[in-house]
Amino acid sequence: MHSVSLSSLSSLTIHQKSSLEKGGYKNLSDLLLGTPSDISRTTRIAPLEVTKILEAACRECAAPINKIKDLPLEGEEKFTTGDAELDGILGGGIRTGMLWEVVGESAAGKTQLALQLSLLVQLPSRLGGVLGSAFYLTVASQLQTTRMEQILNTHPLLSPSLCSFANIQHASVPTIDKLIFVLSKSLPQYIHANDQDSSSRPLKLIVIDAIAELFHTSKRTTTQFLVERSRRLSEIGTLLHSLASKHQIAVLVLNEVSDTIDRGPAPLDGGQIGYKDQFRWFGRADSVLGEGKKEATLGLVWSNQLNVRIFLSRTGRRRFLEASERPRKIQKSISATSSNDSAGDQDAVLIRRLTVVFSSVCDPASCDYMVTAEGISVIPGSAILLAVRPEIGTVAFPGSAHVSITPHGDLTQMRNVQVAPLDVGHVVDSTAVDSRYSTPDNEPGDEWDAFWERNALPDCAFEEAANLTEPS
């Protein structure tokens, strides 16, 4: 609409067009951005006539009103994650037309999931795929083809006859400007050329691994830096949403975490919530003890660009799995998992935690998972719904914020569970503080005050020390 010339509008008279042009109003955007009083003063047109001109221009250029039933369905296409339990948590799988984020610390399994999805998107519909292709963008790393080949050969749904590396394009985007160029120029051209080739599969997945690395800096963080970062993040988010909605592509962005630092609440006016308290609702996971020690990077500006945020956490827990808890196949864990195993607990599986912090297509939920040779595998029966978030400033113990409710997606068998009793190295003290015996660790008051009360020096000691320091 901004490029519509006023001279092309049939609803305006020749005299009106001439007066508007003399006043500097050539395009419709110039006219709509000006106030009626300014237009009247610069064009010498009566205010009442200016109002009529604005109404006529808006009527002529307004988009037609469509009924909801006539609009095309968007975002209904989805493909499997390769795990039935995880599909249920996410509302049926990875939905196209949306911007997904997977955030977590190093070795939590973010890249494993991205590689897994790059293969699964190629599956036919009978196996949960969409017969699509993927475009994998890396910032500071290389595409892990060796690991991807391992997933291809071990996952029960995948096979070389159904999936191929030829359906996965790769590009490196080491700078913000390079990423913006690829999203605004290269990818649209590639999608157009790909659509013209009947033998090529449509692009259905874009992966960025990992966006936070673009904003690493050794310089001091200033207000100007944060403002510029917010501007570039908004620009990147707009481009990603444009590609996702126009071409029905699922966009998966990997992000990093930072340590949380909880300070005392800052004094605010009544009814206001500080930035830290706001971000706790959108940037952290609090389903098990210790999970809230990390939070997503890039702040609320980036969080507002997302449709779904999935948080992956390294809990340090190990589980002796029952036969009913084991997925279809448990292969030997990959190096990130098995390198921490000791000879004494070879049967104990290293457990990680997946939490849906927020989503527009499913309810917030959490589950235990492990990384195996075939990729991400959710432990059956470990999924729980997070119906209520913990209050600001409180610690979330396992099960404290979980209730069984009916989810929006395909997840219908979630239940309220506690941390499994067979977990190794993960013990939660559920004893109420008021019922414990008094110990030096939970005595009321300041511990140093209590120490000096028990070990107070007599007054004469200070007098003797003073006498020793006086010159004789």
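Up top you'll find the structure we're talking about.
This is a predicted model, so every value here is computed, not measured. (Residues numbered from 1 in each chain as written. Predicted model: local features only at pLDDT ≥ 70, side-chain atom pairs only at ≥ 80, totals over all residues. Heavy atoms only, no water.)

Colleague: Quick question: what am I supposed to make of the overall build of the protein chain here?
Modeller: Assigned secondary structure in the protein chain consists of 14 helices and 15 strands. Burial statistics for the protein chain: of 472 residues in total, 44% are counted as buried. In the protein chain, the proportion of contacts linking residues at least 24 apart, taken out of those at least 6 apart, comes to 71%. Taken as a whole, the protein chain presents about 25800 Å² of accessible surface, with 53% of it coming from carbon and sulfur. (Helix = DSSP H or I, 4+ residues; strand = E, 2+ residues; numbered from the N terminus. Buried < 20%, exposed > 50% of the residue type's maximum accessible area, 1.4 Å probe, protein only. Contact = heavy atoms within 4.5 Å. Areas by Shrake-Rupley, 256 points an atom, 1.4 Å probe, with all protein chains shown as cover.)

Colleague: In this structure, what is going on with the environment of Thr-297? I would like to understand it.
Modeller: Here Thr-297 shows up in the loop between strand E9 (294-296) and helix H11 (299-303). Of the residues examined, Thr-297 reaches a relative accessible area of 15% and is grouped as buried. Through-space distance from the C-alpha of Thr-297 to that of Gly-104 is 9.7 Å; in sequence the pair is 193 residues apart. Those residues within four positions of Thr-297 in sequence are excluded, and the remaining contacts are Ala-212, Asn-255, Glu-256, Val-257, Ser-258 and Arg-309.

Colleague: Is there a simple way to think about the side chain of Ser-133 in this case?
Modeller: Locating Ser-133 in the fold gives a position in strand E4 (residues 133-138). With relative accessibility at 3%, the residue Ser-133 sits in the buried group. With residues near it in sequence (within four places) discarded, Ser-133 still touches Val-121, Asn-167, Tyr-190, Arg-201, Pro-202, Leu-203, Lys-204 and Leu-205.

Colleague: What is the right way to look at the nonpolar core in this model?
Modeller: Taken as a class, soluble globular proteins show a tendency for nonpolar side chains to be buried jointly. Core analysis: the largest hydrophobic core is formed by 48 residues, its most contacted members being Trp-100, Leu-205 and Leu-252. With six residues, the top contributor of residues to this core is helix H6 (residues 110-120). Every residue in contact with Leu-252, bar those within four places of it in the chain, is listed here: Trp-100, Val-102, Ala-114, Leu-117, Leu-205, Ile-206, Val-207 and Ile-208. Grouped together as the second largest cluster of nonpolar side chains are 39 residues, Val-139, Leu-183, Ile-191 and Val-253 included. (Core = buried A, V, L, I, M, F, W, Y, C linked by side-chain atoms within 4.5 Å.)

Colleague: I would appreciate a short explanation of helix H1 (residues 14-22) in the present structure.
Modeller: An α-helix turns once per 3.6 residues; consequently, residues spaced three or four apart project the same way. All buried positions along H1 are accounted for by Gln-16, Ser-19 and Leu-20. Within H1, the buried residues cover an arc of 100° as seen down the axis, which keeps them to one side. Of the exposed residues in H1, those oriented more than 90 degrees away from the buried face are Ile-14, Glu-21 and Lys-22. Directly beyond the C-terminal end of H1, a positive phi value near 95° is found at Gly-24. (Arc of directions from axis to C-beta.)

Colleague: I would appreciate a short explanation of the packing of aromatic side chains in the present structure.
Modeller: Where two aromatic rings form a pair, the distance of their centres and the angle of their planes describe that pair. Overall, the coordinates contain two aromatic pairs when judged by the stated rule. For the ring pair Phe-135 and Tyr-190, a centre distance of 5.4 Å and an interplane angle of 75° mean the geometry is edge-to-face. Highlighted residues: Phe-135 in strand E4 and Tyr-190 in helix H8 (residues 176-196), separated in sequence by 55 residues. Note on Phe-135: relative accessible area 10%, which makes it buried. (Phe/Tyr/Trp six-rings, centres within 6.5 Å; stacked < 30°, edge-to-face > 60°.)

Colleague: Any chance you could explain the pairing of strand E10 (residues 308-319) here in plain terms?
Modeller: Moving residue by residue along a regular strand, the side chains alternate between the two faces of the sheet. By the criterion of burial, E10 is predominantly enclosed, with nine of the twelve residues buried. Bridge analysis of strand E3 (residues 99-104) against E10 gives five bridges, and the strand direction is parallel. Paired with Val-102 across the bridge in E10 is Ile-310. Pairing of E10 with strand E11 (residues 349-359), which is carried by ten bridges, proceeds in the antiparallel orientation. Each bridged residue has a counterpart across the sheet, and for Arg-309 the counterpart in E11 is Phe-358. (Pairing = 2+ DSSP bridges.)

Colleague: Before we go on, may I ask you to explain the pattern of salt bridges in this structure?
Modeller: Pairs can form between side chains of opposite charge once their charged atoms are near each other. Scanning the entire structure with this criterion turns up twelve salt bridges. Between Glu-235 and Arg-231 there is a salt bridge whose closest N-O contact spans 3.9 Å. Within this pair, Glu-235 and its partner Arg-231 are both found in helix H9 (residues 223-247), separated by four residues, close to a single helical turn. A relative accessible area of 31% means that Glu-235 is categorised as partly exposed. The partner of Asp-368 in a salt bridge is Arg-353, with the nearest N and O atoms 2.7 Å apart. Of this pair, Asp-368 sits in strand E12 (residues 365-372) while Arg-353 is found in strand E11, placing the two residues 15 residues apart along the sequence. (Salt bridge = Lys/Arg side-chain N within 4 Å of Asp/Glu carboxyl O.)

Colleague: Teacher, can you tell me more about the pairing of E11 here?
Modeller: Most of E11 is tucked away, with eleven of its eleven residues classed as buried. In sequence, E11 turns back onto E12 through a hairpin of five residues.

Colleague: Would you explain the packing of H6 against helix H7 (residues 145-154) in this entry?
Modeller: A pair of packed helices is characterised by two quantities: the angle between their axes and the separation of those axes. Running from amino to carboxyl end, H6 crosses H7 at an angle of 60°, the nearest separation of the two axes being 10 Å. As the angle between them shows, H6 and H7 are arranged oblique. Considering how the two elements wind past one another, H6 and H7 form a crossing that is right-handed. Together, Gln-112, Leu-115, Gln-116 and Leu-119 of H6 and Arg-147, Met-148, Ile-151 and Leu-152 of H7 make up the contact between the two elements. (Axes fitted to C-alpha atoms, helices over the stretch in contact; angles between N-to-C directions. Parallel < 35°, antiparallel > 145°, perpendicular 65-115°, else oblique. Left-handed = near helix turned anticlockwise from the far one by under 90°.)

Colleague: What's the story with H7 in this structure? I'm lost.
Modeller: Taken as a whole, H7 has its buried residues at Arg-147, Met-148, Ile-151, Leu-152 and Thr-154. Considering only its buried residues, H7 is in contact with H6, strand E5 (168-172), E12 and strand E13 (375-378).

Colleague: Would you take a moment to explain the state of the cysteines for this structure?
Modeller: Simply put, the disulfide is a covalent bond whose two ends are the sulfur atoms of two cysteines. Scanning the model with the defined rule gives zero disulfides in all. Just so you know, Cys-61 is unpaired, no disulfide at all, and the nearest cysteine sulfur is the one on Cys-58, 7.7 Å from it. (Disulfide = S-S within 2.5 Å.)

Colleague: Just to check I follow, could you spell out the packing of helix H3 (residues 36-43) against helix H4 (residues 47-61) for this structure?
Modeller: Where H3 meets H4, the axes come as close as 9 Å, and the angle between the chain directions of the two elements is 115°. The angle between the axes of H3 and H4 places the two elements in the roughly perpendicular class. When you trace H3 past H4, the crossing you get is right-handed. Residues Pro-36, Ile-39 and Ser-40 of H3 touch H4, and the partners they reach there are Pro-47, Val-50 and Leu-54. In terms of residue class, the contact of H3 with H4 is made up of five nonpolar, one polar and no charged. (Nonpolar A, V, L, I, M, F, W, Y, C, P; charged D, E, K, R; others polar.)

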